[in-house]
Amino acid sequence: MARSDRLFDIIQLLRAAKRPVRAVDLAEALEVTERTIYRDIAALQGMRVPVEGAAGIGYAMRAGFDLPPLMFDAEEIEAIIVGMALLRRTGDKGLQAAAHKVSGKIAAVLPPDRSAALDATRLQVSRWGVATDFRIDLGAIRRAIRDERKLRIDYTDERGRSSSRSIRPIAIVYYIEVVVLAAWCEKRRGFRHFRADRITDCQILKDDFKGEGESLRAAWNAEHQAP
């Protein structure tokens, strides 16, 4: 989790709490160490966020503190609702969890007269889509794409043939029924596409391809006309 995200989460946890929250409880909720929480609290106080308290006692947000409101109109809010709901169809549990957190953050900073518009029962999206029984972590693959790290994958094709190969992952394509990983295959020396449900094992390697991701995606888009 990025530090800016963690600071936001600390603010939200303290705003929602009815009594002082101990550093150990904040650390458990955010899956970090108590020392990290103490540093984050000091950082918030340095930014003049009215966090009061001390180590061993707990921390609380001074009454009246609020974050600047986000000014979305009704159409924009409904677009957010539908977009977040559509992520259920991807089968990517990491993105689904992130979408839930995004909705909570947006609700926390919407003006009171707009927050009711986030009621998801007004606009609903069917849950039909990609199956979620992947044997690999799509979140780890997305992280490898961001960090431009090579992957070692074990893959079984439509004929049941198994192979192991080193790839440079560049994109994930979410279709209605399948999720496809686009990559430069070092074994075949070209772009290849791998269905996520057919990847039986995936390991992030120490080797990277820093600075090449953007050019690889451009070449892949030109070659395959990716959507």
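Conventions used here
Numbering of residues starts from 1 in each chain and follows the order in which that chain's sequence is written. Local features in a predicted model are, by the rule used here, given only for residues with pLDDT of at least 70; side-chain atom pairs are given and counted only at 80 or more, and totals for whole chains, interfaces and linings are based on all residues. The side-chain numbers reported here are obtained from all heavy atoms of the structure, hydrogens and water having been left aside. Patch membership is restricted to residues that have no salt bridge and whose relative accessible area is over 30%. Joining uses 9 Å for like charges and 5 Å for the nonpolar side chains Val, Leu, Ile, Met, Phe, Trp and Tyr. Calculation of accessible area relied on Shrake-Rupley with a 1.4 Å probe; when residues are assessed, cover is drawn exclusively from the protein chains displayed. Every case where a carboxyl oxygen of Asp or Glu lies within 4 Å of a side-chain nitrogen of Lys or Arg is listed as a salt bridge. When charges are tallied, Lys and Arg are placed among the positive residues and Asp and Glu among the negative ones, while His and the ends of the chain are skipped. Think of each charge as sitting on NZ of Lys, CZ of Arg, CG of Asp or CD of Glu. The helix count covers DSSP runs of H or I at least four residues long, the strand count covers runs of E at least two residues long, and both are numbered beginning at the N terminus. Only when DSSP finds a minimum of two bridges between them are two strands counted as paired. Axes here refer to lines fitted to C-alpha atoms; in helices the fit is confined to the stretch in contact. Angles between the N-to-C directions go from 0 to 180 degrees. Oblique is the label for any angle not covered by the other classes, which are roughly parallel (under 35 degrees), roughly antiparallel (over 145) and roughly perpendicular (65 to 115). Contacts were defined at the residue level, with two residues in contact if any of their heavy atoms lie within 4.5 Å. Just so you know the grouping, Ala, Val, Leu, Ile, Met, Phe, Trp, Tyr, Cys and Pro go in nonpolar, Asp, Glu, Lys and Arg go in charged, and all remaining residues, Gly too, go in polar. Each residue gets one of three labels from its accessible area relative to the maximum for its type: buried under 20%, exposed over 50%, partly exposed in between, using a 1.4 Å probe on protein chains only.

### A closer look at a negative patch on the surface
On the surface, Asp73, Glu75, Glu76 and Glu78 cluster together into a patch of negative charge. Mapped onto the fold, Glu75 is located in helix H4 (residues 74-86).

### A few points about the pairing of strand S1 (residues 51-54)
Pairing analysis gives four bridges linking S1 to strand S2 (residues 58-61), with the strands arranged antiparallel. Residue pairing for S2: Val51 is matched across the bridge by Met61. The antiparallel pairing of S1 with S2 creates a hairpin that spans three residues between the two strands, and Gly56 there sits at a positive phi of about 90°.

### Description of the packing of helix H2 (residues 23-30) against helix H3 (residues 34-46)
Here H2 crosses H3 at 105°, and the two axes come no closer than 8 Å. Here H3 runs roughly perpendicular to H2, going by the angle between their axes. Facing H2, whose interface residues are Ala23, Val24, Leu26, Ala27 and Leu30, H3 presents Glu34, Ile37 and Tyr38. Counted by class, the contact of H2 with H3 contains seven nonpolar, no polar and one charged residues.

### What to know about the sheet that holds strand S3 (residues 149-156)
Across the sheet, five strands lie side by side as S6-S5-S4-S3-S7; this open sheet has antiparallel pairing. Strands with a single pairing partner mark the edges of an open sheet, and in this sheet they are strand S6 (190-195) and strand S7 (199-208). Taken pair by pair, the neighbouring strands of this sheet meet at an average axis angle of 45°, ignoring direction. Strand direction decides the pairing type here: strand S5 (residues 179-185) and S6, joined by six bridges, are antiparallel. Directly across from Trp184, in S6, lies its bridge partner Phe191. The sheet strands contacting helix H7 (residues 138-147) are S3, strand S4 (162-174), S5 and S7, and the helix crosses S4 at an angle near 80°. Along the sheet, helix H8 (residues 213-224) makes contact with S4, S5 and S6, crossing S6 at roughly 80°.

### Remarks on the pattern of salt bridges
Any two side chains of opposite charge can pair, given that their charged atoms come close. Per the stated rule, a full pass over the model turns up 11 salt bridges. In this structure, Asp40 and Arg3 form a salt bridge, with 3.1 Å as the shortest nitrogen-oxygen distance. Taken together, the positions of Asp40 in helix H3 and Arg3 in helix H1 (residues 3-16) put the pair 37 residues apart, joining distant regions of the chain. Given a relative accessible area of 1%, Asp40 falls into the buried group. By relative accessible area, Arg3 is classed as partly exposed at 41%.

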